[in-house]
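Report on the structure
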Amino acid sequence: CVSTTNVTLWMVDQMTFLSIVVSASKKNEDDVLGILAKVPFLKDLDISELVKICDAMTTKVCKAGETIMRKGDIGDMFYIVKDGTLKIEN
């Protein structure tokens, strides 16, 4: 990597970066696990099974007014609202 103009860089060492990423990831996992543990139909799962569900989850950001699902759609996704509000329409 060679600069072709004057460059100002921000940097962080690899160990610090990894520590921060792992810490943030663990907090997010703990938040999701806490929510999953409160879902009635998941209450009989042990922690290792909840961790597998947590690991498989991804984040989707929806804009205001965007349709997430419609009545009659195949129920092939499980959603948890992390932030914001939804309006359920018939």
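The notes below deal with the structure included here. (Residues numbered from 1 in each chain as written. Predicted model: local features only at pLDDT ≥ 70, side-chain atom pairs only at ≥ 80, totals over all residues. Heavy atoms only, no water.)

**With respect to the overall build of the protein**
Looking only at helices and strands, the protein has two helices and zero strands in total. Relative to a compact globule of 90 residues, whose C-alpha radius of gyration would be 12 Å, the protein shows 20 Å and is clearly more extended. Overall, the protein is about 60 × 35 × 20 Å in size when its C-alpha atoms are taken along their principal axes. By sequence separation, contacts in the protein at least 24 residues apart represent 31% of the contacts at least 6 residues apart. Surface summary for the protein: the accessible area is close to 8,800 Å², and the carbon and sulfur share equals 59%. If you average the places of the 11 positive and of the 13 negative side-chain charges in the protein, the two averages end up 7 Å apart. (Helix = DSSP H or I, 4+ residues; strand = E, 2+ residues; numbered from the N terminus. Rg over C-alpha atoms; globule rule 2.2 N^0.38 Å. Contact = heavy atoms within 4.5 Å. Areas by Shrake-Rupley, 256 points an atom, 1.4 Å probe, with all protein chains shown as cover. Lys, Arg positive; Asp, Glu negative; His and termini not counted. Charge placed at Lys NZ, Arg CZ, Asp CG, Glu CD.)

**Observations concerning the pattern of salt bridges**
Evaluated as defined, the whole model comprises one salt bridge. Between K43 and D44 there is a salt bridge whose closest N-O contact spans 3.5 Å. What makes K43 exposed here is its relative accessible area of 58%. Taking the relative accessible area as the measure of exposure, D44 reaches 68% and is therefore exposed. (Salt bridge = Lys/Arg side-chain N within 4 Å of Asp/Glu carboxyl O. Buried < 20%, exposed > 50% of the residue type's maximum accessible area, 1.4 Å probe, protein only.)

**Observations concerning the packing of aromatic side chains**
Considering all chains together, one arrives at one aromatic pair under this definition. Relative to F78, the ring of F41 lies with its centre 5.6 Å away and its plane at 75°, an arrangement referred to as edge-to-face. Of this pair, F41 sits in the loop between α1 (14-36) and α2 (47-56) while F78 sits in the segment after α2, and the two are 37 residues apart along the sequence. Accessibility expressed as a relative area gives 62% for F41, which makes it exposed. (Phe/Tyr/Trp six-rings, centres within 6.5 Å; stacked < 30°, edge-to-face > 60°.)

**Topic: α1**
Along its 23 residues, α1 runs 32 Å from first to last C-alpha, staying within 8% of the 33 Å computed at 1.5 Å per residue. Every buried residue of α1 is accounted for by E29, V32, L33 and L36. Buried residues along α1 sit in contact with α2. (Expected span 1.5 Å × (residues − 1).)

**Focus: the side chain of E29**
Examined against the element boundaries, E29 turns out to sit in helix α1. For E29, a relative accessible area of 19% corresponds to the buried category. Beyond its immediate stretch of four places on either side in the chain, E29 contacts V51, C54 and D55.

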